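Chain by chain, the residues:
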There are 6 protein chains.
Amino acid sequence: MTIYILNPNSSQTVTDGIDRAVEPLRRATNVSIRCRTLHEGPPGIETQAHVDGVVAPLLDHCRALEETASAFVIACFSDPGLASLREQSNRPVFGIAESGILTAMTLGQRFGIIAILERSIPRHLRYVGAMGVTDRLAGDLPLNLTVAELSDRTATFERLKIVGSTLRKEKNADVLILGCAGMASLRSDLEAELKCPVVDPCEAAATMAVGRVAFAQLNKKEISE
Amino acid sequence: MTIYILNPNSSQTVTDGIDRAVEPLRRATNVSIRCRTLHEGPPGIETQAHVDGVVAPLLDHCRALEETASAFVIACFSDPGLASLREQSNRPVFGIAESGILTAMTLGQRFGIIAILERSIPRHLRYVGAMGVTDRLAGDLPLNLTVAELSDRTATFERLKIVGSTLRKEKNADVLILGCAGMASLRSDLEAELKCPVVDPCEAAATMAVGRVAFAQLNKKEISE
Amino acid sequence: MTIYILNPNSSQTVTDGIDRAVEPLRRATNVSIRCRTLHEGPPGIETQAHVDGVVAPLLDHCRALEETASAFVIACFSDPGLASLREQSNRPVFGIAESGILTAMTLGQRFGIIAILERSIPRHLRYVGAMGVTDRLAGDLPLNLTVAELSDRTATFERLKIVGSTLRKEKNADVLILGCAGMASLRSDLEAELKCPVVDPCEAAATMAVGRVAFAQLNKKEISE
Amino acid sequence: MTIYILNPNSSQTVTDGIDRAVEPLRRATNVSIRCRTLHEGPPGIETQAHVDGVVAPLLDHCRALEETASAFVIACFSDPGLASLREQSNRPVFGIAESGILTAMTLGQRFGIIAILERSIPRHLRYVGAMGVTDRLAGDLPLNLTVAELSDRTATFERLKIVGSTLRKEKNADVLILGCAGMASLRSDLEAELKCPVVDPCEAAATMAVGRVAFAQLNKKEISE
Amino acid sequence: MTIYILNPNSSQTVTDGIDRAVEPLRRATNVSIRCRTLHEGPPGIETQAHVDGVVAPLLDHCRALEETASAFVIACFSDPGLASLREQSNRPVFGIAESGILTAMTLGQRFGIIAILERSIPRHLRYVGAMGVTDRLAGDLPLNLTVAELSDRTATFERLKIVGSTLRKEKNADVLILGCAGMASLRSDLEAELKCPVVDPCEAAATMAVGRVAFAQLNKKEISE
Amino acid sequence: MTIYILNPNSSQTVTDGIDRAVEPLRRATNVSIRCRTLHEGPPGIETQAHVDGVVAPLLDHCRALEETASAFVIACFSDPGLASLREQSNRPVFGIAESGILTAMTLGQRFGIIAILERSIPRHLRYVGAMGVTDRLAGDLPLNLTVAELSDRTATFERLKIVGSTLRKEKNADVLILGCAGMASLRSDLEAELKCPVVDPCEAAATMAVGRVAFAQLNKKEISE
């Protein structure tokens, strides 16, 4: 039985980054964790249409994995299909945005979100509102980097420092969340640089999945029997 | 290095229950998890004075464990000393109420809390408010059982069913939280009975601690260097 | 130029009901309003997967209508694709849930939602949270009627009276919202029966669309030029 | 039957501006819309005493119009007498602040209000709180222009650009509301300049009134019969 | 210099009741406290039009008292003219609803309001929202007694017990507020009967006024000099 | 019978300052008010551990005073032991943070808190959340002064002006709260300087205590009899 972490965009580079990100958890547990790429997804999930559009293939993808799955993690900061997959699957399902935000709430009183693109921010705000945690949100500011620019690690880190610092100083955040599945490798450097905790949402969701699997909460089928 | 789960009341029975509760997580990981009783604590933490009073011995207890600790979990639903221990220790610190509530937020849209005593409820409400998640709270209702009555498993389960059912039907909760450290063994039966997810807060906190340890988020000392 | 009201389920009966519902607005204005059925949709939108699944065909459908559209209304109480269509289209876009809730806020201080099915309620609560208006929500209770039962007007009205009355008396709602696109014909009878305002969300959205078209707010293309 | 839009200050210039503002809606519908000046009102409604003071003459004014009215719109951004007129009249009643804010909530996730005077802002904040939508408010900043200065269109537009831009950039608003009844003629220019939607509250309220009249929701007398 | 407590309805009986209510504070301090009836007011403030309508005569009344006033208290649970009088006067101004609610927040975590009439409740809810304390409100339920019935002390007390008990048991209030200026004499009996604190709002406001006068916070004129 | 104001830190200088601060209230009433130093407390309450640590000696201290006490005021802006003392004592108990915040809510719509140290701010935010008044909080910013620096009145006032001005201009506060028990003597100068009301929390709590004592609300023992 395996925890499947699904990258709903088609970038194998991102999936590989997630895979490396969760390696420490794999080493700490005997739970099988595998990362998969949704090849039907777009190269990056940048619009609400991308978010909505990947749900159908993601559900199909997960339906095929159901029998071998112990849990699912949807590894995109818009949590596409989270509610749908929770309805469809009899396994625990986690979204990295939800898990990342909840985890940040154990590390500081006001969280800041570092978004990739400005146009994602209203979507984030709706999501934070749907979660009922707007009072804990310090702010949400964008890197405004293209996919090409994101592949430049140094340039990305420079922007992360600037945006993170603004969230800290002007918006009074005391914990930051990387609003993206593919930046885990920059997390600890950013923590050291900004001197505050930084949450990688994939790590947060994988952690919750491991626990849910270990404790074997009743699944929907068992509950309804 | 060990995750220490501290039962701040003096009841070894409660500590033993927590120990059994986290056994599945122990089996799933190679992380050392040990449960300890705060012998200076009261037999049960039933008043705000109990909550405040255990903080000093709890801090002392943890100071002595600091070097061998990878993380701390405070295993009382009032999260006594959570903020203090986070200040004192260079390790990750979790409270079971905080972790239990955040975990419930991944399992339903409106959580109900099953309190032991009515007088704890204003304290819970303040805490839910401090966490900024009042909009997700469906209700908080008491078992109103004494420590003696709590030791009767059948009677306790009967009350859990009644109170849980009221939270479900009258307060419209779709996930329940056991507002106590010592009821994990009743969780899955209650799930089956009430046909909705039930969160044991010790399981929730232990899970988060395992992940934090695995991912080795920078600690305070490293951040401030 | 036409305001297109899109019924994202495949039921022509529902579309016809919406068409009759907006007839008074058609008579009051010289704005063209046409109702269309999304034939790719399911017979009823009952699950989150239905909600997510209709977005892609709905976007395609609207793309083809863009040149002749003055505005779009998505006529399903889950507002499927609302944010996506707002991104895609250069025309004003309204969702009946959003418009219905906002309109109810002019008719009473605490609104109650009458849902068709219980499982839709967490989705509604997330949506009300995303809109930031949870403090105005009195409650959300289900009819729990199947599609077949919904076709029985008398039986449906009986359930509407019972659920509406519970929202009024136990949840202290002072305005009710029909959580469905196809019940406009029962609205005024329900108002008379329950002695409180009842909002049909299609009427609410169509109204807002007429005004937006009349006032010709700058569209996205004009703004970005 | 006529929708009466009441300007509760005594300035015919403002009334004429509102009249021009709603002309597009008049052209789109066959609903009669007439704008009226409350001659008993002050030249401008600038204080809470002005707000409270115009209620009595406004109620008298509307009582005399009741038989010929299909709806009333109170055209001052403090919505003076809104709740009172709703009690007194058997017709639908709208306030431009309420309608403007609700309409802005369909155009962006965080609305900014452009107030005329700084001292109005606490009043606005109380009103936004009473509406239960504080989580959607980005900020409220004043033009700080006198009535004389407001008559200088160019100077006013300059201030609108500066204040609107601050709301956009520093307060992260993505939709703006003109906090005044008399600025509709500047709306589309401001949209083009700031590249974001701008809501004229008179347009918003007039729209809602047209729909309410068209759909003939039961009035209070009919409900209570 | 005198603290003036203004009863904005024309009932001398109510004013006399307030006068007796604040007698203990008079005995405890050397501050002059005088109660006055606004003869221009209605016999009871029962509608929003009454609330708005008394503002103008109340402002006139207070203007005449300004030179001899150390503070003003508006003694009606709708706080009519509170913001207006704060603008007009250079003295501290308190409303009994505001003060009563704030005081209740020191006596329990969830306050219940006992309204006289059902139609006042939406007004109360707007006010609680404007104060930003909706999360502390357990519920607001009406006595539904006429003025004549209110004069029957026994009958009123019976209704207070029933409504208060419902707020306690069904709405989970742990402190109650008398939503009216004239019931102070029933407060302690109701406390004894319901076994929870009950706030008389006149007592609360008079208390705050005494302190403000004693500490001589700078007044508006001094601040602006 | 005496209102005891307890300074839970060991600084007699602070106690003396509080004593002078409440002198005007003493002159205005015939209520006995005495200030006491908790000699077991730390020199300053600067950490959460200090807050939790003073509760036990504070409870002991108050237990010994119970028979001669008419009320207790806990004079530290973290309100240490407030809930505990309310449980223990049969007398009214006030905390200066709670009272100061509630009082500020009568003086402006958005309050700013001036903290001594940055690390206190998350604690303040949790407390404001627990009170349910986050929507009224404009911001909380630190002086970042050491105890030694605080003893320099001129330097402290300079920092108060800078931080207060930032809260006013950047965070849009319209009333400020001194987040500390020992600054009452600077309050009116700061009001004059910043031209907005400034709340000293000791004055606020002492005021509420005087009223509670005067009106003799039933105490817990009487209620439970």
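Residues numbered from 1 in each chain as written. Chains lettered and ligands numbered in written order. Predicted model: local features only at pLDDT ≥ 70, side-chain atom pairs only at ≥ 80, totals over all residues. Heavy atoms only, no water.

In the annotation of an unreviewed UniProt entry, the entry for chain A reads Asp/Glu racemase, and the organism field reads Mesorhizobium wenxiniae. As its UniProt record puts it under Sequence similarities (unreviewed entry), chain A is described as follows: "Belongs to the HyuE racemase family." (UniProt positions renumbered as here; feature names shortened; annotations may be inferred.)

Turning our eyes to something else, we now look at the pattern of salt bridges. Residue and element names in this part refer to chain A. Enumeration over the complete set of coordinates arrives at 63 salt bridges over all chains. One salt bridge connects R27 with E23, and the closest N-O pair in it is separated by 4.0 Å. Taken together, the residues R27 and E23, both in helix 2 (residues 23-28) and 4 residues apart, mark about one turn of the helix. Look at E23 and you get partly exposed, because its relative accessible area is 29%. Salt bridges here are not isolated pairs; linked through shared partners, they connect D19, E23, R26 and R27. (Salt bridge = Lys/Arg side-chain N within 4 Å of Asp/Glu carboxyl O. Helix = DSSP H or I, 4+ residues; strand = E, 2+ residues; numbered from the N terminus. Buried < 20%, exposed > 50% of the residue type's maximum accessible area, 1.4 Å probe, protein only.)

Now for the sheet that holds strand 4 (residues 93-95) of chain C. Residue and element names in this part refer to chain C. Across the sheet, which stays open at both edges, the 4 strands sit in the order 2-1-3-4 with parallel pairing between neighbours. A single partner strand is all that each edge strand has here, and the edge strands are strand 2 (32-37) and strand 4. Between one strand axis and the next, the sheet turns by 20 degrees as a mean value, whatever way the strands run. Sheet topology note: the strand 3 (residues 69-74)/strand 4 ladder contains 3 bridges and is parallel. (Pairing = 2+ DSSP bridges. Axes fitted to C-alpha atoms, helices over the stretch in contact; angles between N-to-C directions.)

Attention now moves to the packing of helix 6 (residues 96-104) of chain F against helix 7 (residues 121-131) of chain F. All names here are of chain F. The geometry of helix 6 relative to helix 7 is characterised by a closest axis approach of 11 Å and an angle of 65 degrees between their N-to-C directions. Judged by the angle between their axes, helix 6 and helix 7 are roughly perpendicular. Crossing geometry of helix 6 relative to helix 7 is assigned as right-handed. Counted together, A97, E98, I101 and L102 of helix 6 and Y127, V128 and M131 of helix 7 form the full contact between these two elements. Its residues assigned to classes, the contact of helix 6 with helix 7 comprises 6 nonpolar, no polar and 1 charged. (Parallel < 35°, antiparallel > 145°, perpendicular 65-115°, else oblique. Left-handed = near helix turned anticlockwise from the far one by under 90°. Contact = heavy atoms within 4.5 Å. Nonpolar A, V, L, I, M, F, W, Y, C, P; charged D, E, K, R; others polar.)

A word on the interface of chain F and chain B. Contacts between chain F and chain B engage 14 residues on the former and 14 residues on the latter. Roughly 1100 Å² of surface becomes buried between chain F and chain B when both sides are summed, with 57% attributable to carbon and sulfur atoms. On the chain F side of the contact with chain B, F:D52, F:E87 and F:A130 bury the most area, a combined 37% of that side's loss. Taken together, chain F and chain B are joined by 0 salt bridges. Counting every contact that joins chain F to chain B gives 8 residue pairs in polar contact (both at pLDDT 80 or more). For the side of chain F that touches chain B, the secondary structure elements donating two or more residues are helix 3 (48-53), helix 4 (55-65), helix 5 (82-88) and helix 7 of chain F. (Buried area = accessible area lost by both parts, 1.4 Å probe. Polar contact = N/O pair within 3.5 Å; in protein donor to acceptor, adjacent residues only side chain to side chain.)

A few words now on a negative patch on the surface. A cluster of like negative charges, contributed by A:D135, B:D135, C:D135, D:D135, E:D135 and F:D135, occupies part of the molecular surface. Following the sequence through the fold, B:D135 ends up in the loop between helix 7 (121-130) and strand 6 (137-142). Taking the relative accessible area as the measure of exposure, B:D135 reaches 31% and is therefore partly exposed. (Patch = residues over 30% accessible without salt bridge, like charges linked within 9 Å, V, L, I, M, F, W, Y side chains within 5 Å. Areas by Shrake-Rupley, 256 points an atom, 1.4 Å probe, with all protein chains shown as cover. Lys, Arg positive; Asp, Glu negative; His and termini not counted. Charge placed at Lys NZ, Arg CZ, Asp CG, Glu CD.)

This part takes up the relation of the copies chain F and chain B. For the pair chain F and chain B, the relating rotation is 180 degrees, the translation along its axis is 0.0 Å, and the fit reaches an RMSD of 0.0 Å. Look at the turn and shift together and you get a two-fold axis relating the two. For chain F, the residue whose C-alpha comes nearest the rotation axis is F:A130, separated from it by 2.1 Å. A shared binding surface is used by both copies, with 100% of the interface residues of chain F retained as interface residues in chain B. (Least-squares fit on C-alpha atoms with pLDDT ≥ 70 in both.)

The next point concerns the interface of chain D and chain C. Contacts between the two partners involve 45 residues from chain D and, on the opposite side, 45 residues from chain C. For the pair chain D and chain C, the interface holds 0 salt bridges. The tally of links from chain D across to chain C stands at 14 residue pairs in polar contact (both at pLDDT 80 or more). Every element with two or more residues in the side of chain D that touches chain C is listed here: helix 1 (12-28), helix 5 (96-104), helix 6 (121-131), helix 9 (187-194), strand 8 (198-199), helix 10 (201-215) and helix 11 (220-224) of chain D. If you tally residues by element for the side of chain D that touches chain C, the top one is helix 10 of chain D, at 7 residues. Partitioning the side of chain D that touches chain C into residue classes produces 24 nonpolar, 11 polar and 10 charged.

Residues and elements named next belong to chain A. For helix 11 (residues 201-215), which comprises 15 residues, the first-to-last C-alpha distance of 21 Å matches the rise-based estimate of 21 Å (1.5 Å per residue) to within 8%. With respect to burial, helix 11 is a largely interior element, 14 of its 15 residues being buried. Positioned one or two residues after helix 11, A216 has a phi angle of 50 degrees, which is positive. (Expected span 1.5 Å × (residues − 1).)

Further remarks concern the relation of the copies chain D and chain C. Two chain copies, one operation linking them: a rotation about an axis together with a shift along it. The operation relating chain D to chain C is a screw motion whose rotation component is 180 degrees, with 0.0 Å of axial translation and a residual RMSD of 0.0 Å. Counting the interface residues of chain D, we find that 100% of their copies in chain C are interface residues as well, pointing to one common contact surface.

What follows is about unusual backbone geometry. The general pattern is negative phi for most residues beyond glycine and trans for most peptide bonds. Positioned with a positive phi, C:D79 is a non-glycine residue whose angle comes to about 45 degrees. Here C:D79 is to be found in the loop between strand 3 and helix 5 (82-88). For C:D79, a relative accessible area of 5% corresponds to the buried category. The phi dihedral of D:K195 is positive, around 55 degrees, even though this residue is not glycine. For D:K195, the position within the fold is in the loop between helix 9 and strand 8.

Before going further, it helps to spend a moment on the sheet that holds strand 2 (residues 32-37) of chain A. Residues and elements named next belong to chain A. Read from one edge to the other, the open sheet built from 4 strands follows the order 2-1-3-4, with strand pairing classed as parallel. Pairing within the sheet leaves two strands with one partner each, and these edge strands are strand 2 and strand 4 (93-95). In this sheet, neighbouring strand axes are inclined to one another by 20 degrees on average, regardless of whether the strands run parallel or antiparallel. Pairing between strand 1 (residues 2-7) and strand 3 (residues 69-74): 5 bridges, direction parallel.

Confidence in the prediction of chain A, expressed as mean pLDDT, is 94, and 97% of residues score 70 or more. This prediction of the complex comes with two scores: 0.97 for pTM and 0.96 for ipTM. (pLDDT = per-residue confidence, 0-100.)

All names here are of chain A. Domain parsing of chain A yields domain 1 (2-95 + 203-224) and domain 2 (98-200). Put simply, the middle of domain 1 and the middle of domain 2, counted by C-alpha atoms, are 21 Å apart. Domain 1 puts 19 residues into the contact, and the matching count from domain 2 is 23 residues. Summed over both partners, the interface of domain 1 with domain 2 comes to about 1700 Å²; 51% of that surface belongs to carbon and sulfur atoms. Summed over the shared surface of domain 1 and domain 2, the result is 3 salt bridges. Residues R187 and E203 are paired through a salt bridge, measuring 3.1 Å at the closest nitrogen-oxygen approach. Mapped by element, the contributors of at least two residues to the side of domain 1 that touches domain 2 are helix 1 (12-21), helix 3 (48-53), helix 5 (82-88), strand 4 and helix 11. For the side of domain 1 that touches domain 2, the element with the highest residue contribution is helix 11, accounting for 4 residues. (Domains from an automatic or database assignment.)

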